[in-house]
Amino acid sequence: MRMRLKLKTVFVLYFTVSLLGLIYALMQLGQRCDCRDHDMSKDQQISQLRGELQKLQEHIKTSELSKKTDVPRIYVITPTYARLVQKAELTRLSHTFLHVPQLHWIVVEDAPQPTPLVTDFLAASGLTYTHLYKLTPKDRKLQEGDPSWLKPRGAEQRNEGLRWLREMGAAAKGKEAAALEEAVVYFADDDNTYSLQLFEEMRYTYRVSVWPVGLVGGMKFERPVVEDGKVVRFHTGWRPNRPFPIDMAGFAVSLRLVLTNPQARFDGDAQMGFLESSFLQHLVTLDDLEPKADLCTKVLVWHTRTEKPKMKREDALQKQGLGSDPDVEV
Amino acid sequence: MPKRRDILAIVLIVLPWTLLITVWHQSAIAPLFAIRKVCHHLVKEILIIPERLTIHRQRLADDGTETRHDTGPATDSKEYCSQDKDIVEVVRTEYVYTRPPPWSDVLPTIHVITPTYSRPVQKAELTRLANTFLHVPNLHWILVEDSQRRTPLVTRLLRETGLNYTHLNVETPRNYKLRGDTRDPRIPRGTMQRNLALRWLRETFNSNSSQAGIVYFADDDNTYSLELFEEMRSTRKVSVWPVAFVGGLRYESPKVNAAGKVYGWKTVFDPHRPFAIDMAGFAINLRLILFKPQAYFKLRGVKGGYQESSLLRELVTLSDLEPKAANCTKILVWHTRTEKPVLVNEGKKGFTDPNVEI
């Protein structure tokens, strides 16, 4: 008896619920059916959009994209040093830079004089460039077998780039000086990966702009934390108490700020991870940082590192005097 | 008695649901969704306006005042498609940062086959690869993912590059990925993906079509110079050139005699392979691929280093090879490998926001 009653109530309940659901759905459908006219206007919208699209595509074909001269210049300082993968790294970096308008590449070699490899490469690259060189003193240089994080790298070379910029800034007159007022300086290592959007984000920097960097600090990405449009702190897993716990690839400085602060430079003796702070703390406070990349929520640059190629067989051959032709540039 | 009641109960339970389903199917919902999709897609396309146009407009409006320009992110196309709005003036725009060179009717198309798989550096690798490909005219990128279905990351990336592309996917079965016993060694990575691309080419192009094409296998972590693509464009059957950083050497290269013919291989690792060359060291004319529809990379039982030979020996002989790159004396492609990033600070739970794409 009891069981039958329970089943009955369950059944009745179920029946009413499903009936109500069906009625509700039918009403919904009814509403949509009213929108037949809605559909018509949607079709119109679509054909209108198609027309717009065609018009714009025509416009694109005719407009000159490559000769943009009315945007602020980006000076990219890249320290580099001779190793097997150097030419490959510079090659793929140049492919990215060739897409960026008004980019001036400052390549600073860690060498006593310019090497033919880099000289020839830059001449053939098609980019606007400046080729500098500055040898790192022996005691600051990483030795064979040292882990890459032991000593800060590239400090002397970046400082040399800054010196050249300051020299050029002092000598510039008239239109050129006006162009430099809006220019931006970015430090790009030769093994990182840069998206094209990044350069457009950094182009309009008043003081120092910042954004997230992928694959750095032992994490998927490090980023400045933005609240109410201002940077309040940095989200990083490694030594977050640094003045600026940000990677070299995560900020850009306006040239104006570089020129008006001639004492700002990278400290080659700085502790591990404090290289960026040694430069930025002379220039800007946390409050003044300009967050980019959608208020620091998008990753537009990745701190990739390239493996050192295995040369065991090459080394063995060289011992026998049968190494590969050294005249062939790799 | 109870039996009839049961049947009645079952019928009454099922009836509302069947009604619902049939009505749903017949309704206008399906076409509406289609319209929505098209609308979204078109709005996104239109909002791709070259930077110059918008900056030009902004400059005219600003009168040259020194303000910080908000070079904006993508706009929300939902605004236009969900409501009954007229198309209003576009204020914020999505930028196309560059475009590939215009398509030429004369140049042979280079079909670049790239297998790829998900890992932290994937987006970075594909980004810089795309930046290189955007300089090459008449390039068709066939990107094959090693996944069960096409991932949104790659789909979005491909669309945003503006390249001419085909997006495929095939998942390498789990047991093939792991190391098996000696009789059944694992499939070299990317084999199934490359074979799928070859099959797609054979299904898409028929041998009678006049479409000149070259097929090149490009891994997503190597580095390619622009000169390489122009060298391979003149391939008649199979062309070869040196590759840096393979086989434990500075570079491996084919041996070319005075008559300009390949007669051997300058490698240390098994130079007696039929084709002792890396995947990045050769390109095949599309006609040859179509002419020999049975030629694929061998899946199983391939010794290390013999994968390239498994395909090439079905297509061509040593004497047919065309040496490029100044008779194989210049390095135009480097077999670089990217370090696996150290992600210790993510910890077990993950320190960073998983919704942010890297």
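What you see is a predicted model, and the numbers here were worked out from it, not measured in a lab.

Caption draft 1: Local environment of the UniProt feature "site: Interaction with galactose moiety of substrate glycoprotein" (unreviewed entry) in chain A. All names here are of chain A. Per the UniProt record, the feature "site: Interaction with galactose moiety of substrate glycoprotein" (unreviewed entry) sits at Glu222. With respect to the secondary-structure elements, Glu222 resides in strand S8 (residues 221-227). Setting aside residues up to four positions removed in sequence, Glu222 forms contacts with Pro212, Val213, Val216, Gly217, His235, Thr236, Arg242, Pro245, Ile246 and Asp247.

Caption draft 2: Highlighting helix H8 (residues 191-204) of chain B. Residue and element names in this part refer to chain B. Taking 1.5 Å as the rise per residue, H8 with 14 residues should run 20 Å; its terminal C-alpha atoms sit 20 Å apart, in good agreement. For H8, the tally of buried residues reaches ten of 14 residues, placing the bulk of the element in the interior. Restricting attention to buried positions, one finds in H8 the residues Thr191, Met192, Gln193, Arg194, Asn195, Leu196, Ala197, Leu198, Leu201 and Arg202. Buried residues along H8 sit against strand S3 (109-116), strand S4 (139-145), strand S5 (164-169), strand S6 (213-217), helix H10 (286-291) and helix H11 (307-312).

Caption draft 3: Structural view of the UniProt feature "active site" (unreviewed entry) in chain A. All names here are of chain A. According to UniProt, the positions carrying the feature "active site" (unreviewed entry) are Glu276. As for its position among the elements, Glu276 is in helix H9 (residues 275-280). Taking relative accessible area as the criterion, Glu276 reaches 9% and is therefore assigned buried. Excluding its chain neighbours within four sequence positions, the residues that come into contact with Glu276 are Ile246, Asp247, Met248, Phe251 and Phe266.

Caption draft 4: A look at the UniProt feature "site: Interaction with galactose moiety of substrate glycoprotein" (unreviewed entry) in chain B. Per the UniProt record, "site: Interaction with galactose moiety of substrate glycoprotein" (unreviewed entry) is annotated on B:Glu252 and B:Asn345. In sequence the annotated residues extend across 94 residues, and in space they extend as well, their farthest C-alpha pair lying 38.9 Å apart. You can see B:Glu252 is positioned in strand S10 (residues 251-256). A residue is classified by how much of its surface remains accessible, and B:Glu252, at 8% relative accessible area, is buried. Those residues in contact with B:Glu252 that lie beyond four places of it in its chain are B:Pro242, B:Val243, B:Val246, B:Gly247, B:Lys266, B:Thr267, B:Arg273 and B:Ala276. Checked against the element boundaries, B:Asn345 lands in the segment after strand S14 (333-334). Sequence-distant contacts of B:Asn345, defined by excluding residues within four places in its chain, comprise A:Gly217, A:Gly218, A:Met219, A:Gly237, A:Trp238 and B:Phe351.

Caption draft 5: Structural context of the nonpolar core. Counting residues in hydrophobic clusters, the biggest one holds 37 residues, and the most contacted among them are A:Tyr75, A:Leu165, A:Phe187, A:Val208, A:Phe251, A:Val253 and A:Phe279. Broken down by element, this core gets its largest block of residues, five residues, from helix H5 (residues 155-171) of chain A. In this structure, A:Phe251 is in contact with A:Tyr186, A:Phe187, A:Val208, A:Ser209, A:Val210, A:Trp211, A:Ile246, A:Glu276, A:Phe279 and A:Leu280, ignoring residues within four places of it in sequence. With 34 residues, the next largest nonpolar core counts B:Trp265, B:Ile277, B:Ala295 and B:Phe297 among its residues.

Caption draft 6: Spotlight on the sheet that holds S4(B). All names here are of chain B. One open sheet accounts for seven strands, arranged S5-S4-S3-S6-S12-S8-S13; its pairing is mixed. Single-partner strands in this sheet number two, and they are S5 and strand S13 (321-323). Across the sheet, the mean angle from the axis of one strand to that of its neighbour is 25°, orientation sign disregarded. The sheet contact formed by strand S8 (residues 238-240) and S13 spans three bridges and is parallel. Each bridged residue has a counterpart across the sheet, and for Val238 the counterpart in S13 is Leu321. Against the sheet, H8 makes contact with S3, S4, S5 and S6, and its axis sits at roughly 135° relative to S4, the strand it touches most.

Caption draft 7: Region of interest: the sheet that holds strand S1 (residues 74-80) of chain A. Residues and elements named next belong to chain A. One open sheet holds the seven strands; their spatial order is S3-S2-S1-S4-S10-S6-S11, and the pairing between them is mixed. In this open sheet, the two strands that pair with only one neighbour each are strand S3 (128-133) and strand S11 (289-291). Taking each pair of neighbouring strands and ignoring which way they run, the sheet shows an average axis angle of 25°. On top of the sheet, H5 reaches S1, strand S2 (103-109), S3 and strand S4 (184-187); it is set at about 145° to S1, its chief contact.

Caption draft 8: Just the pairing of strand S10 (residues 251-254) of chain A, in detail. Residue and element names in this part refer to chain A. Neither face of S10 is exposed, since Phe251 and Val253 on one face and Ala252 and Ser254 on the opposite face are all buried. Where strand S6 (residues 208-210) meets S10, three bridges bridge the pair, whose relative direction is antiparallel. Within the sheet, the bridge partner assigned to Val208 lies in S10 and is Val253.

Caption draft 9: Just the packing of helix H5 (residues 122-133) of chain B against helix H6 (residues 152-161) of chain B, in detail. All names here are of chain B. Interhelical geometry of H5 versus H6 gives an angle of 20° and a closest axis separation of 11 Å. Classified by the angle between their axes, H5 and H6 sit roughly parallel to one another. Considering how the two elements wind past one another, H5 and H6 form a crossing that is right-handed. For the pair H5 and H6, contact is made by Gln122, Lys123, Leu126, Thr127 and Ala130 and by Leu153, Val154, Leu157 and Thr161, respectively. Tallied by class, residues from the contact of H5 with H6 come to five nonpolar, three polar and one charged.

Caption draft 10: Quick look at the UniProt feature "binding site: UDP-alpha-D-glucuronate" (unreviewed entry) in chain B. UniProt marks B:Pro115, B:Thr116, B:Tyr117, B:Asp146, B:Arg189, B:Arg194, B:Asp219, B:Asp220, B:Asp221, B:His335, B:Thr336 and B:Arg337 with the feature "binding site: UDP-alpha-D-glucuronate" (unreviewed entry), using the numbering shown here. On the secondary structure map, B:Tyr117 appears in the loop between S3 and H5. In this structure B:Tyr117 comes out as partly exposed when scored by relative accessible area, which is 28%. Once residues within four sequence positions are removed from consideration, B:Asp221 is found in contact with A:Arg92, B:Glu125, B:Thr336, B:Arg337 and B:Thr338.

Caption draft 11: Examining the confidence of the model for chain A more closely. Overall, the prediction assigns chain A a mean pLDDT of 86, with 85% of residues at 70 or greater. Confidence drops under pLDDT 50 across residues 60-66 of chain A; counting only partners more than four residues distant or on other chains, this segment forms six contacts.

Caption draft 12: Geometry of a nonpolar patch on the surface. Among the surface-exposed residues, A:Leu19, A:Leu20, A:Ile23 and A:Met27 lie close enough to one another that they form a single nonpolar patch of about 410 Å² accessible area. Examined against the element boundaries, A:Ile23 turns out to sit in helix H1 (residues 2-34).

Caption draft 13: Layout of unusual backbone geometry. The residue A:Leu215 is not glycine, and still its phi comes out positive at about 60°. Residue placement: A:Leu215 occurs in the loop between strand S7 (213-214) and S8. A positive phi angle, close to 55°, is found at B:Ala326, a residue other than glycine. Turning to its location among the elements, B:Ala326 is positioned in helix H12 (residues 325-328). Residue B:Ala326 is classed as partly exposed on the basis of its relative accessible area of 46%.

Caption draft 14: Spatial organisation of the packing of helix H3 (residues 86-97) of chain A against helix H4 (residues 116-125) of chain A. All names here are of chain A. Look at H3 against H4: their axes get within 11 Å of each other, and the N-to-C directions meet at 20°. Considering the angle they form, H3 stands roughly parallel to H4. Of the two elements, H3 crosses H4, and the hand of that crossing is right-handed. In contact with Gln86, Lys87, Leu90, Thr91 and Ser94 of H3, H4 contributes Leu117, Val118 and Phe121. Here the contact of H3 with H4 is composed, by residue class, of four nonpolar, three polar and one charged.

Rules used in this analysis
Residues numbered from 1 in each chain as written. Chains lettered and ligands numbered in written order. Predicted model: local features only at pLDDT ≥ 70, side-chain atom pairs only at ≥ 80, totals over all residues. Heavy atoms only, no water. UniProt positions renumbered as here; feature names shortened; annotations may be inferred. Helix = DSSP H or I, 4+ residues; strand = E, 2+ residues; numbered from the N terminus. Contact = heavy atoms within 4.5 Å. Expected span 1.5 Å × (residues − 1). Buried < 20%, exposed > 50% of the residue type's maximum accessible area, 1.4 Å probe, protein only. Core = buried A, V, L, I, M, F, W, Y, C linked by side-chain atoms within 4.5 Å. Pairing = 2+ DSSP bridges. Axes fitted to C-alpha atoms, helices over the stretch in contact; angles between N-to-C directions. Parallel < 35°, antiparallel > 145°, perpendicular 65-115°, else oblique. Left-handed = near helix turned anticlockwise from the far one by under 90°. Nonpolar A, V, L, I, M, F, W, Y, C, P; charged D, E, K, R; others polar. pLDDT = per-residue confidence, 0-100. Patch = residues over 30% accessible without salt bridge, like charges linked within 9 Å, V, L, I, M, F, W, Y side chains within 5 Å. Areas by Shrake-Rupley, 256 points an atom, 1.4 Å probe, with all protein chains shown as cover. Salt bridge = Lys/Arg side-chain N within 4 Å of Asp/Glu carboxyl O.

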